[in-house]
Amino acid sequence: MSSTPLRRPELLAPAGSLAMLDTALAYGANAIYAGQPRYSLRVRNNDFGDLAVLKTGIDRVHAAGGQFYLVSNIYPHGAKLKTYLRDMAPVIALKPDALIMSDPGLMMMVREEWPEQAIHLSVQSNTVNAAAVKFWARNGVSRVILSRELSLDEVADIRQACPETELEVFVHGALCIAYSGRCLLSGYFNHRDPNQGSCTNSCRWDFKVHQGRADASGDVFLIEERERRSGSYNVIEEDEHGTYILNSKDLRAIEHVQRLVEIGVDSLKIEGRTKSPYYVARVAQAYRAAIDAAVAGQPLDPALIDSLDGLANRGYTGGFFDRHQEASAYQNYARGSSESSRSLYVGDVVQYDAARGLAEVVVKNRFAVGDRLELVQAQGNRVLELERMEQADGSATPIAPGSGHRVWIPLPADSVGAFLTRFVNNEIPAASLDEGCGSGACEGCA
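The residue count restarts for each chain, going from 1 along the sequence in the order it is written. Where local features are concerned, this predicted model is filtered to residues with pLDDT of at least 70; where side-chain atom pairs are given and counted, the filter is 80 or more; whole-chain, interface and lining totals use all residues. Hydrogens and water molecules were not included; the side-chain quantities draw on all heavy atoms of the structure.

**Q** Explanation requested: the pairing of strand 21 (residues 419-423) in the structure shown.
**A** In the case of a regular strand, side chains alternate between the two sheet surfaces. Buried, partly exposed and exposed residues are distinguished by accessible area as a fraction of the type maximum, computed with a 1.4 Å probe on protein chains only: under 20%, between the cut-offs, and over 50%, respectively. Strands here mean DSSP runs of E at least two residues long; helices mean DSSP runs of H or I at least four residues long; both are numbered from the N terminus. Counting buried residues along strand 21, four of its five residues qualify, which places the element largely inside the surrounding structure. Direction of pairing for strand 14 (residues 343-353) relative to strand 21: antiparallel, over a ladder of five bridges. Looking at strand 21, one finds that L344 is bridged to R422. Bridging between strand 17 (residues 372-376) and strand 21 involves four bridges; their strand directions are antiparallel. Counterpart to L373 in the pairing with strand 21 is R422. DSSP calls a pair of strands paired once it identifies at least 2 bridges connecting them.

**Q** Would you take a moment to explain the nonpolar core for this structure?
**A** For soluble globular proteins, nonpolar side chains are generally found buried alongside one another. Working definition of a nonpolar core: buried Ala, Val, Leu, Ile, Met, Phe, Trp, Tyr and Cys residues. They are joined through side-chain atoms within 4.5 Å. Counting residues in hydrophobic clusters, the biggest one holds 91 residues, and the most contacted among them are I32, F68, Y84, L146, V169 and V257. Apart from the residues lying within four places of it in its own chain, the contact partners of V169 are L146, V155, L260, V265, S267, L268, K269 and F321. Ranked by size, the runner-up nonpolar core spans 17 residues in total, among them V363, L375, V407 and L411. Contacts are residue-level and defined by heavy atoms, with any inter-residue pair within 4.5 Å sufficient.

**Q** So what exactly am I meant to see when it comes to the sheet that holds strand 17 here?
**A** Pairing between the strands of a sheet comes from backbone hydrogen bonds, and it takes one of two forms, parallel or antiparallel. Taken together, six strands build an open sheet; the order of strands is 18-17-21-14-15-20 and the sheet is antiparallel. The outermost strands of the open sheet, each flanked by one partner alone, are strand 18 (382-385) and strand 20 (406-409). Averaged over neighbouring strand pairs, the angle between their axes works out to 35 degrees when direction is ignored. As paired elements, strand 15 (residues 358-363) and strand 20 share four bridges and run antiparallel to each other. By the bridge assignment for strand 20, E360 is matched with W408. To get an axis, fit a line to the C-alpha atoms, keeping to the stretch in contact for a helix; angles then go from 0 to 180 degrees between the N-to-C directions.

**Q** Help me understand the packing of aromatic side chains, please; the structure alone is not making it clear to me.
**A** A ring pair, where both rings are aromatic, is described by two values, the distance of the centres and the angle of the planes. Stacked, tilted and edge-to-face are the three classes applied to pairs of Phe, Tyr and Trp rings, where Trp contributes its six-membered ring and a pair requires centres within 6.5 Å; stacked means planes under 30 degrees apart, edge-to-face means over 60, and tilted covers the rest. By the definition in use, this model includes seven aromatic pairs. Both rings, one in Y27 and one in F419, keep their centres 6.1 Å apart while their planes meet at 50 degrees; by these two values the pair is tilted. With Y27 in the loop between helix 1 (18-26) and strand 2 (31-35) and F419 in strand 21, this pair connects stretches of sequence that are 392 residues apart. An identical accessibility class is assigned to Y27 and F419; each is buried. Put simply, the rings of Y27, Y278, Y345 and F419 pair up and form one aromatic cluster. Note that R148 overlies the ring of F170, its terminal NZ or CZ placed 3.9 Å from the centroid. Counting as a charge over the ring demands two things of the Lys NZ or Arg CZ atom: a distance within 6 Å of the ring centre and an angle within 35 degrees of the ring normal. Here the basic side chain of K275 rests over the ring of Y279, its NZ or CZ set 4.1 Å away from the ring centre.

Structure, rendered in C-alpha cells:
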C-alpha cells in the first residue's frame, strides 16, 4: 500500500423522510440523497415531494456541514418531459449540491437552464468502463456512480484512468436481480414500471417451477407465482447463464471498504430510501466505523459485520466486487422476505422520566421482561437484560405485545432517540459484551 495518506471517502446515506435524514446524519453519514417522487425511482415512502419538506431537509444537511444530492434519475416519457423544467425551477432554487441524473435529454435541459448546477450520473446509466466516464465528464458530469456490476479491480482501473472525475459506488442494500434498475418483471406482472419508480419487487415472489410438454427446442419449463397469480403460468426462457427470475441477496460490502478507500473512491453509498430510520442508523454507524478504521490503517472490526446481521435481510452477498463465485453467493433460493438471525428491531425510545427512572418506548415488535436487549445509539451501543417493565399508569407488565403499544423500561437518561432491539433467542454475540456505557444498567458494565 502507498505511504500517501488515504483520503476519507464520503459516506452517502438515503432518506425518504426528515426522520431518516436526521438519523443518518447523527449516525455518521456526511451526505444525504433523496428524490422527488415524480422524477426519481422511489415513489413510495417518500416525503420529499413536498417542497417545504425538501427545503427543510436541504437546510438541515447544510447546517450539519454535509452535502445534499437530489435524485432526478427517471427516464421520462414525453408527458414528464414537458413539465420537468417548470417543476424543477423551485427545486433548483433550494440549492441542492448536485442532481443525480440518468437521462441525457434531461441533463441537456438542466445544463442549458442552470449551467452552474452540478450533475452526478446515476447508477441507472450503467457505467462500466473508463471511456464512458470520460464521455460523461466531457458532457458536464462531475461525478459518476459506477455500475454495481463492476469488480474491485475494474473500479481500480477506472480510478487510475479517470483521476479528475469523482467516483461513487454502492456498498450496502438491495440488489436488482436484473442489470441494475433494468428489470421489467413488475411492469409485466402488475403494470407498475420499475423504471418509472413504482417497482413491486416481483423478483422476490414465491415462484414454483413446473415442467411442460417438450417442443422442438427441447424441454419446456413453466413458472407459477402461487400467492398472487395462482393458476397463471409463464414460460421460463434462459440463455447460457440461466434464468433471471430469481431472488437476489442484499449487498454488504463492508469487508471491501479498506480496498475501496485505497483505490480512492470518493463516495460510498448506502441503498434504501424506502427503509426505516433504524435501518439507516445501523448501516451508517457500521460503515462510518469501517471508513474511519480504513483511513487510520486499522483492520476491520468483525463486530461491524455482526452488527449488520442485526438488520432484516435476504442474506448478504459481496455482489460483483468479487468475481467467479457460485450462483448461491448472489441469490437466495429459500425465501423472498427479509429476516435477521441476530436481533429484531422492537422499539423507539421517545422520552425519559427522571422521577421514575424509566424511559418510554414506542413498541414496534414484541419483547418481554427477561429479554436481552441492545440500545442502538449514535454515541455507541449498549447491551442490557430487561428486568422490569411498566405501563403508563405505573402498573407492571411482563410483555410489550407489539406495534401500537407504549411501555416504560429502565434505561439510561441519555437513551432518548435511541433504537431498541431484542437479541434473537436471547443470545448476545460475544463481540457485543464489552459495549458498556458506565451507567451500571448494561451487560457490558456489570
